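Fold and geometry: a report
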Amino acid sequence: MNQERRTRVLVVDDSAIVRKVLSDILSAQPDLEVVGTAPDPYVARDKILALEPDVLTLDIEMPRMDGLTFLKRLMRFHPLPVIVISSLAQSSTKSAMEALTEGAVDVLAKPGGPYSVGDLKEDLPRRVRAAARSRMPAARPAPVAVRGHAAIPDGRGAVRQMVIALGASTGGTQAIERVLTALPAAMPPIVVTQHIPPVFSAAFAERLNKVCALAVREAKGGELLEPGVAWIAPGDRHLLLDKAGAGWRLRLDDSPKVCYQRPSVDVMFQSVAAALGQAAVGVLMTGMGSDGAAGLLAMRQAGAETIAQDEASCVVYGMPREAIRMGAAAHVLSLDAIAAMVLKKSRVTQ
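This section reports on the structure supplied with the text. (Residues numbered from 1 in each chain as written. Predicted model: local features only at pLDDT ≥ 70, side-chain atom pairs only at ≥ 80, totals over all residues. Heavy atoms only, no water.)

1. Quick word on the overall build of the protein
Helix and strand content of the protein: eleven helices and 16 strands. The principal-axis extents of the C-alpha atoms in the protein amount to approximately 60 × 45 × 40 Å. Across the 350 residues that make up the protein, the buried fraction comes to 55%. Considering only contacts in the protein between residues 6 or more positions apart, those separated by 24 or more positions represent 73%. A total of about 14600 Å² of accessible surface is found on the protein, and carbon and sulfur atoms cover 52% of it. (Helix = DSSP H or I, 4+ residues; strand = E, 2+ residues; numbered from the N terminus. Buried < 20%, exposed > 50% of the residue type's maximum accessible area, 1.4 Å probe, protein only. Contact = heavy atoms within 4.5 Å. Areas by Shrake-Rupley, 256 points an atom, 1.4 Å probe, with all protein chains shown as cover.)

Structure below.
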């Protein structure tokens, strides 16, 4: 009987303890195989050529060459799916966000502090499977717009009183950045759920705030939604909306994970559907699994406009595929077409 080939993983970290923890977690899975470990990028380079791994886990702070420099060289000469395993130090989280723009497909926190080995046992195998199924980009995306400059025209007409909701997972940090940097400052409020660990979500919001015409903030809970602002769900907390007079207020929730995720796109989309009905646009982008598909369907059934990213432009075509299969998406668009559709639906034509 033919047995399906196991996903081959190379673990790169300067800490022998971390290498052992990661190797033990992955080796316990019948479909995953740790083919080797490396204490620094120079050893990793030789082992990549000799062992031909399918996925690499990569530390950021290492001797002789830092992980970010190594990642840039790897993506240029020998691209393969990379998951960054980073400490929660501020410098490391910023470097991890830069790594995602340089081609890494995902980021996870090293065990320690608020992030336990138990969390990693649950998250790491799932993220490795998603990375193994990811589509490596053929080329770096075009440079993003800078603050104050919209990549597409503002369009004609007043901004609608509505909310735009974006959800994504593997490959989503790049996809969300691509959409938000293409939008002008004059937009309805935007809420975003990206599967990302705590602390990294703050660094993600900070990075987006620097490159977008919109203001981008990590949600704290209790904020009234404002036009021209995008709120990012914090890691490990669900993001929901409540009606508040003539507007809407953000609420954070620690209820159980949905589709193995907290924050969950389904939780946010279903909340938007209940709070806003047809006065919303939902966008589901790249990611493994089904989170967001049922929520996008709830939004469409409530009368909202719904968009799913197409297969060709997804890093992992899982969540959008499930949404399309369920009939949740009114529009199926390439990543580069999503911002224009969101802009169109957010305007009252004159």
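Having seen the model, we can carry on.
2. Comments concerning the nonpolar core
Membership of the largest hydrophobic core comes to 61 residues, with the highest contact counts inside it found for Leu180, Leu183 and Met285. Beyond its immediate stretch of four places on either side in the chain, Leu183 contacts Ile190, Ala213, Leu214, Ala339, Val342 and Leu343. Residues Ala165, Ala219, Met268 and Leu284 belong to the second largest nonpolar core, which totals 32 residues. (Core = buried A, V, L, I, M, F, W, Y, C linked by side-chain atoms within 4.5 Å.)

3. Some words on helix H7 (residues 200-211)
Taking 1.5 Å of rise per residue, twelve residues should cover 16 Å, and H7 covers 17 Å from first to last C-alpha, within 8% of that figure. The set of residues buried in H7 consists of Phe200, Ser201, Ala203, Phe204, Ala205, Leu208 and Val211. (Expected span 1.5 Å × (residues − 1).)

4. Brief notes about the pairing of strand E4 (residues 82-86)
Within E4, five of the five residues are buried, which leaves it mostly tucked inside the rest of the structure. Side chains of E4 alternate between two faces, with Val82, Val84 and Ser86 and Ile83 and Ile85 buried alike. Bridge count between strand E3 (residues 55-59) and E4: four bridges; the pairing is parallel. Within E4, the position partnered with Asp59 by the bridge is Ile85. The parallel pair E3 and E4 is bridged by helix H3 (residues 67-77), and the resulting crossover is right-handed. Where E4 and strand E5 (residues 106-109) come together, four bridges link them in parallel fashion. Paired with Ser86 across the strands is Ala109, a residue of E5. In this view, the connection linking E4 to its parallel neighbour E5 by way of helix H4 (residues 90-101) has right-handed handedness. (Pairing = 2+ DSSP bridges. Right-handed = clockwise from strand over helix to strand, strands pointing away.)

5. A look at the sheet that holds E5
Overall, parallel pairing links the five strands, which are arranged E2-E1-E3-E4-E5 in an open sheet. Taken across any chain shown, the strands that pair with only one partner, and hence form the sheet edges, are strand E2 (32-38) and E5. The mean angle between the axes of side-by-side strands here comes to 25 degrees, regardless of whether they run parallel or antiparallel. Sitting on the sheet, H3 touches E3 and E4, and the angle it makes with E3 is about 150 degrees. Seen against the sheet, H4 touches E4 and E5 and runs at an angle of roughly 175 degrees to E4. (Axes fitted to C-alpha atoms, helices over the stretch in contact; angles between N-to-C directions.)

Note that every value here comes from positions in space, so none of it alone points to a role or purpose.
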